[in-house]
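# Report on the structure
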Amino acid sequence: MTVRLGRIEGTGACAFLHTCEECGVDASFGINVSYRAALNAVDKGKFELAKELLGKWYCLTHWRKLNGTN
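Predicted model, so just to flag it, every value in this text is computed and none were measured.

## Focus: the pairing of strand S2 (residues 13-18)
Of the pairings in the sheet, the one linking strand S1 (residues 3-8) to S2 comprises six bridges and is antiparallel in character. Each bridged residue has a counterpart across the sheet, and for Arg-4 the counterpart in S2 is Leu-17. The turn linking S1 back onto S2 is made up of four residues, and Gly-10 within it adopts a positive phi angle of 85°.

So this is what it looks like as structure tokens:
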């Protein structure tokens, strides 16, 4: 799983950090992502479930390969 969760101290805010499934660089393109459900899971302390709900992420290069749009 390439998604990491973190809380920002002093604010209670939650940060989702995602990297490419293929190469590990910062990723901007996700599939099977449900932010709202992931946030609800974090609020309930279910962090592993939240990671699953955040799907898989890819950088532009690997996203294009995944979709066949080199």
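On we go.
## Some remarks on the confidence of the model for the protein chain
Here the protein chain averages 87 in pLDDT, and 96% of its residues register 70 or above. Per-element confidence in the protein chain is highest for strand S4 (residues 56-58), whose mean pLDDT is 94, and lowest for S1, whose mean pLDDT is 75.

Conventions and cut-offs
Residues numbered from 1 in each chain as written. Predicted model: local features only at pLDDT ≥ 70, side-chain atom pairs only at ≥ 80, totals over all residues. Heavy atoms only, no water. Pairing = 2+ DSSP bridges. Helix = DSSP H or I, 4+ residues; strand = E, 2+ residues; numbered from the N terminus. pLDDT = per-residue confidence, 0-100.

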